[in-house]
Structure formats: C-alpha cells, structure tokens
Amino acid sequence: MLYSDADLRTLSAPDRWRRIAPFLTVAVLACGTALFRPVVDRMALVSAVVVLALLLGLTVTVPWHRLPAIYEAAPPLGFFGVVALLNIPETGDDPAGYGALALLPVFWLALYHGRAATAIGVVAMAVVFSLPMLRSAAVFEHEWRRGLLVFAIGALMASAAQSWVRRSRAGAAELAARTREVSRERDFNRAILDSAGFLVMVLDTDGRITAFNRRCEEVTGFTAADVIGRPFWSAGMSADDTGRGDDAFAHLTADAFPNTFENDWLAADGSRHRIVWSNTALTDEHGNLTHVIGTGLDVTTQRHTERLFADVLAAATEQAIIGTDRRGTVTVFNAGAERLLGHRAADVVGAVTLDRFHLPAEVPGLATLFEPAQAGDSEPREWTYVRRDGAMLPVSLTVSVIRGESGEVTGYLSVARDITRERRTVEAMRHALDRERAAAARLRELDKVRADLVATVSHELRTPLTSILGNVEVIVDGDAGPVQRPQARLLAAVERNARRLLALIEDLLMLSRIEAGQVKINAGPVHLRAVVSGALEALQAVRGQRDVHLDIDLPDPPVVVHGDRDQLERVVINLLDNALKFTPPGGSARLTADLDGAQVRLTIADTGIGIPPAELDQIFDRFFRSSRSQELQSQGTGLGLAITKSIVERHGGHIWAAPALDQGTIVTCLLPLHDAPVPARTA
C-alpha cells in the first residue's frame, strides 16, 4: 500500500492550510513568472492554471476523512501534470525551465506520505524531465545532465525527508508514549476512585477513609470532604455482624485478601442500600498492610427485583413458568409448574432439561422448542405435557429467548397454560356447529321443498282457474243462455275472486322463478323515461278509477340505467300501484328521479294511509300486509313488494321505505347507472 508507513492525514487534518500554503504559493508564483521569457505556451499555461484550480477545488471540497488515506496522494501526484504543462515553451524545443518545480510534489510526498508514494513521485518527476528530451535530440544533448542532476537531488531530498519524517515521528511517538505513561501514573488513583458504576473507598490501617469516589457520593449523599479522615463505620456504614467500630475493621483485615462481604449502607436521606464489597490490600515493599481498597456494587435494585420476581413466580399458580439456561437445563420452576406437572422444584432445578416434560413423539429434542424462539417467533403453540403420574396435559406454550446485555443467548423462558377446559369448550362448540350446519341444511332442503310445492301447486291451480274464468265470461256474455240479474251478480263475484286467485298464483309463480334463478335478467342500457312511460301506460286503467293526482318529475337529459326494461317496468308498476291504492281520493303521489353518484335514485312518495314505523322493515317480506292495510280490508297478495325487492337486488340495486314527514310513505330505490349526465331538473 502507498500508506503503509504513513500516519498523518494531510488533507483532512485541521491544519491542512498551514501545510498547503507554501506549496500553493510557489505554484502561483510559477504561473505568474511563466509570462516572462522564456514564455510558456499560452494554451499550456491556461491548462496548467485550470488543473491547478481543479486540484485546489478537490483539496477543499472532497471529504477526505471519509475516504481511505490512499486517495490523499491524488492532489500532489496531479501537480506533476501542472509542472509538465508549465515546462512547454511557446517557441522552440528547449523546455521553459520549470521542470525543477517537480521537486515540489516529491518533497510533499516525502513529508506526508509513505515510501512507496514517494517512489512514485520520483518516477513522475523523471517523466516530467524526460518529456522535453524526447521531442528533440538537441535538447536531450544539453539537458540530460541538468535533468539527471535534478533527478538525483530530488531523490536525495526525498530520501532525506523520509528519514527525517520517520525519525521525527518515532521521536514524537516515543514522547507521546512517555507523556501518556506519566499521565496514566498521575491519574491512576483518580481513575479508580471515579470508575463508573462502582463504589470505591480506600481505608488506612486505622480504618479511616482516605479516598471516597464519586459513586460513593451519589449513593450515600455524603461528599468526600465530609468523610475523608473519619472511620468508615461513622460514614453511613452499618456495623459488621461480628462487632462494631474497631472490631468490625479488625475482622475485615483479619481475613485473607481479597475478600468479600455484604452489608447495608445508610444514606444521608435515611434510605438503605445493600452493598456487595470486594476488598483488596495494598502493601509496602516489606509486605506490611498500608491501605484497604473496597470496591462495592449497589445491588439494592437487583435484590428487590429478585424478590419481586420470586413473588411473581409464586403468585402465578395458573401458569407453569419454567426457566432454563442456554443448554435447556431447568433453572426456574414456579409454583404453577409444580401444581400442573406434579414435580417439586427442588427435584428438577439443575437436574433435568425442559424436554423432560414433553411427549417424545411431539418434542424429539430441545431444538424443536428453542429454534422458533431463536428466530424471533414467540407465538404460543399447543403441546402436551406429561405429568409426574403419567397423565397427559394439553397446554398452550410460549417460549422466549433470554439475552444478555451484549445480545448473546443466556437462557430460555417457557410459559405454559392448561387448555384442557378450552379444548373441551372448542369440542362442544364444534359439535354444536355441526348440529347447526345440519339444521341449516335441513332448513334449506325444507325451503326448497316448500318452493317446489308452491310452484307446483300454483302451476296446477292456474289452469283450472283460467278455465273457470273463461266459462264465467261465456255465461256472463249470454252465450250459454240468458242470465238473470241475481245470477249476474253472483257470477261477477265469482269472476272477481277468481281473478284475485289468479293474480295471487301469478305472483307466487313469479317469486318462485326469481328465487330459483329462472328469471333471466337481460341487462342493457335502458332509458329511465321509457321505463316510467311503459309503467304509466300499464296503469292507465287503474289511474282512471282512482281520484289521485300523480306527478312525474324526471331529469331533462336522458338518464340511462343498466337493467332489464320489462323487469324494471314491473318494479315501477308495483310501486306506483301501491301508492295509488293506499292513497285516499283527493290525495297525491309523486315519482322523482335524480343522480346519486354512479346510481340513479328513484323515489315514489304518496299522501296515503302510511305504514307504522315498527312495520317498515317487514313490508318487503312475502305475504306481509301492514296493519293499516288490513284495517281498510284492501285487496292484495302481499307479494308485490317482495317481488320488487328481488328484482331490484338482482339488478345490483337497493330499496327501502320510510315514513313521509306529514303523512304517507316514501319508497326509495337505487339502480345502477349506465351513463351519468349532470341533470337539469324540469317538472
């Protein structure tokens, strides 16, 4: 590598301008003197200035600290190109005399880069001096000596600079190492006392505190100035179990070092901290004790967490919580696990692995349990535990990974829940669902039988009724002989009721065909105005018999719906017939249409007898007749609105009814729109 022996970042260091300034000054001066004789070629001079500016721009703008150090040799190597351009004369073959500037980048490389980079620079300098000689033999004859001399001087300068740089860096490194060593020696005690996370207290041979670090101040609330020189048992420390005062210190120093013990530290605010101490002795050259260094760790929170964890494990009697180490050996076995599995914690902790409680057929090894958790899958799975008495216990088990502070796996935690009751509930629900499905299938079968029966009976009744009506008409017309007036009245009643039966049968047959999917919807673009006109024409006789004002309000531009014209006419006929039938003489009915997004809204409102609000949701049911209709004893089959709803829904629409503000009923029907022009309403 070019930088195998370089340890400076020349272009990314804060003081790079101090290093670049002398070389940049020489380069600028050379470009200025290039205008004097012998004059440098103008194009070569302009090119040299451009290259120099480009190199300077790269030096300033490139984030060198983000690049490998090797790239920092690019600007000085590029400067050889500037020198080569400045050495091109305006006239003649003799060089312009600026070849000596090649020493400049060589010296730069020798100072700030490695030996290999310097060698490349020396070779580049030789190329700069060789180029003019290659153009002319005369130039070679009187310039090779000077070129060789400059090359030798440059190589010697580079070698000397490299040696000086290496010696300087070695000396600086040695000086820095000695400075660091002295600094480490000077700050050693301070670094120990203020070590992060530990309490450090130094005692002399009398048990008096000689050092008290920052962590001790944070835990106790005492400052170092408050406790330095005082016995440690008077600075918040509780007495040792073997005695108080001097006896406690004598017991501490009597044990072999290093030693450990735990005690409570009473802080200035009265709080109690549990401290685990590790003590080390400092001795003189004769082995006599001079100081005792106590390093303590505040484990108050840890002990509280351990007690809380133990209480949680003891309280979780409905879940079996089992902790293991990374090899699967049980380390935690709570009361719930004892109750569910029948083992005692003392018998299994540290003695068995987790797969001991599973069916071998389900869990052939610990990898079956641990691999999903290692992959981040903590979803509960159903397994079978084997109790101590051999009984099988279905459980829902969740296994999670326990990781250390650095992310390594330290163990696993499994939480199991008995799902015996849940499985029984699911099984009961499954049986109930099967029964419901069987009942639904039976109902569907019965409904099909009912529909087939209605269709068959209706079809069979239509033929004799048609014959009856035909015979009645023959008798009424007198073709079978004269009819007396009393007989005519009776025959009129027969004809009227026969026609009612025939209408009922026709409605039943139509509804059966619709439900069976036998009525084909020939959908296509249909003009709404044509549908309404056809319905009005069919109702012309009915409108003449009832004194009800009918108002039609349609959009002026043609509205085209997507549907079957005959079926849609039946919808409008049924809705208008109901509006006219249930509106008293002198009342009014109104049909309006407008656009609603990609649908057309068709509304039929009347001022009739209305429908009780409680019955609005039932009026589209088969054979339903409202209480008010029954009170008026109005004729009807109760199938018209059911047929209407079926037709609308088969067109992909929706229909509903609502009471009018004053009186009467409003029925709204949404139908798919084939084309949606913006309507300009006209009455």
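Keep in mind the model is a prediction, meaning the values are calculated, not measured.

I would appreciate a short explanation of the nonpolar core in the present structure.
What tends to happen in soluble globular proteins is that the nonpolar side chains get buried as a cluster. Counting residues in each nonpolar core, the largest one holds 39 residues, and the members touching the most others are Leu 576, Leu 591 and Val 600. Counting only elements with at least two residues in this core, the list comes to helix 16 (528–538), helix 18 (565–581), strand 14 (588–596), strand 15 (599–606), helix 20 (640–650), strand 16 (654–659) and strand 17 (665–675). In terms of residue count, helix 18 provides more of this core than any other element does, six residues in total. With sequence-adjacent residues up to four places away left out, Leu 576 is seen in contact with Leu 536, Leu 539, Leu 550, Leu 591 and Ile 604. Phe 23, Ala 48, Leu 101 and Trp 108 belong to the second-largest nonpolar core, a separate cluster that totals 34 residues.

Would you explain helix 3 (residues 74–86) in this entry?
Residues three or four positions apart in an α-helix share a direction because the helix packs 3.6 residues into each turn. Helix length check: helix 3 (13 residues) gives 19 Å between terminal C-alpha atoms against 18 Å at 1.5 Å per residue, within 8%. Taken residue by residue, helix 3 has Pro 75, Pro 76, Phe 79, Phe 80, Val 82, Val 83 and Leu 86 as its buried positions. Viewed end-on, helix 3 has its buried residues packed into an arc of 165°, placing them on one side of the element.

Could you clarify how one ought to interpret helix 2 (residues 42–61) in this entry?
End to end, helix 2 covers 28 Å across 20 residues, agreeing with the expected 28 Å (1.5 Å per residue, within 8%). Within the span of helix 2, buried status applies to Ala 44, Leu 45, Ala 48, Leu 52, Leu 55 and Thr 59. Considered in projection along helix 2, the buried side chains sweep an arc of 100° and stay on one side of the axis. Away from the buried face of helix 2 by more than 90 degrees, exposed residues Arg 42, Met 43, Val 50, Leu 54 and Thr 61 are located.

Explain the sheet that holds strand 3 (residues 259–266) to me, please; I cannot follow it from the model alone.
Two modes of strand pairing occur in sheets, parallel and antiparallel, and in both the strands are linked by backbone hydrogen bonds. Sheet architecture is open: five strands sit in the order 2-1-5-4-3, paired in antiparallel fashion. At either end of the open sheet lies a strand with only one pairing partner, and these are strand 2 (209–212) and strand 3. Taking each pair of neighbouring strands and ignoring which way they run, the sheet shows an average axis angle of 30°. Here five bridges tie strand 1 (residues 199–203) to strand 5 (residues 289–298), and the two strands are oriented antiparallel to one another. Bridging across to strand 5, Leu 203 finds its partner in Val 292.

Help me understand the side chain of Ser 414, please; the structure alone is not making it clear to me.
Structurally, Ser 414 can be placed in strand 10 (residues 409–418). Every residue in contact with Ser 414, bar those within four places of it in the chain, is listed here: Ala 320, Ile 321, Ile 322, Leu 354, Tyr 385, Leu 397, Thr 398 and Val 399.

I keep staring at a nonpolar patch on the surface and nothing clicks. Help me out?
The grouping of Leu 67, Ile 70 and Tyr 71 at the surface amounts to a nonpolar patch, some 260 Å² of accessible area in total. Secondary-structure assignment places Ile 70 in the loop between helix 2 and helix 3. When its relative accessible area of 38% is taken as the criterion, Ile 70 is described as partly exposed.

I'm lost on the packing of aromatic side chains in this one. Help?
For any pair of aromatic rings, geometry is given as the distance between the ring centres together with the angle between the planes. Tallied over the entire structure, the rule returns two aromatic pairs. On the basis of an interplanar angle of 40° and a centroid distance of 5.7 Å, the ring pair of Phe 333 and Phe 357 is categorised as tilted. One end of the pair, Phe 333, is in strand 7 (residues 330–333); the other, Phe 357, is in the loop between helix 12 (345–348) and helix 13 (366–374), and 24 residues separate them in sequence. The residues Phe 333 and Phe 357 share a single accessibility class, namely buried. Ring centres of Phe 370 and Tyr 412 lie 3.8 Å apart, and the angle between their planes is 5°; this geometry places the pair in the stacked category. Pair noted here: Phe 370 is in helix 13 and Tyr 412 is in strand 10, with a separation of 42 residues, a long-range link.

Any chance you could explain the pairing of strand 2 here in plain terms?
In summary, the side chains of a regular strand alternate between the two faces of the sheet. Here strand 1 pairs with strand 2 via three bridges, running antiparallel. When the sheet's bridge partners are listed, Val 202 is paired in strand 2 with Ala 211. Remark: five residues form the turn of the hairpin made by strand 1 and strand 2, two consecutive strands paired antiparallel; Gly 207 in that turn has positive phi of roughly 85°.

Can you help me understand the environment of Asp 556 in this one?
On the secondary structure map, Asp 556 appears in the loop between strand 12 (549–553) and strand 13 (560–563). A sequence separation of 27 residues divides Asp 556 from Arg 529, and the C-alpha atoms of the two residues are 9.6 Å apart.

Explain the sheet that holds strand 9 (residues 392–403) here, please?
With antiparallel pairing, the five strands of this open sheet are ordered in space as 7-6-10-9-8. Here the strands that pair on one side only, and so sit at the sheet edges, are strand 7 and strand 8 (381–386). Geometrically, the sheet is characterised by an average inter-axis angle of 35° between neighbouring strands, direction not taken into account. Pairing of strand 9 with strand 10, which is carried by nine bridges, proceeds in the antiparallel orientation. Of the residues in strand 10, the one forming a bridge with Arg 403 is Val 409. The strands touched by helix 13 within the sheet are strand 6 (319–325), strand 8, strand 9 and strand 10, with strand 9 carrying the most contacts at an inclination of about 45°.

The rules behind each value
- Along each chain, residue indices are assigned from 1 in the same order as the chain's sequence is written.
- Side-chain atom pairs in this predicted model are given and counted only at pLDDT of 80 or more, local residue features only at pLDDT of at least 70, and totals for whole chains, interfaces and linings cover all residues.
- To get the side-chain values, take all heavy atoms of the structure and skip hydrogens and water.
- Each nonpolar core is a collection of buried residues, namely Ala, Val, Leu, Ile, Met, Phe, Trp, Tyr and Cys, held together in the definition by side-chain atoms within 4.5 Å.
- Remark: exposure states derive from per-residue accessible area (1.4 Å probe, protein chains only) relative to the maximum for the residue type, with buried under 20%, exposed over 50%, and partly exposed in between.
- A run of H or I in DSSP becomes a helix once it reaches four residues, and a run of E becomes a strand once it reaches two; helices and strands are each numbered from the N terminus.
- By definition in these notes, contact holds between two residues if any of their heavy atoms fall within 4.5 Å.
- Expected helix span is given by 1.5 Å per residue-to-residue step, counting one fewer step than there are residues.
- Along the arc lie the directions from the helix axis toward the C-beta atoms.
- Note on pairing: DSSP must find at least two bridges between two strands before they are called paired.
- To get an axis, a line is fitted to the C-alpha atoms, and for a helix only the part in contact is used. The angle between two axes follows their N-to-C directions and goes from 0 to 180 degrees.
- Only residues above 30% relative accessible area that lack a salt bridge enter a patch, with like-charged residues linked at up to 9 Å and the nonpolar side chains Val, Leu, Ile, Met, Phe, Trp and Tyr linked at up to 5 Å.
- Where accessible areas are quoted, they stem from the Shrake-Rupley method and a 1.4 Å probe; at the residue level, only the protein chains shown are allowed to cover.
- Here, a salt bridge means any Lys or Arg side-chain nitrogen found within 4 Å of an Asp or Glu carboxyl oxygen.
- When two rings of Phe, Tyr or Trp (its six-membered ring) have centres within 6.5 Å they constitute a pair, described as stacked for plane angles under 30 degrees, edge-to-face for angles over 60, and tilted for the intermediate range.

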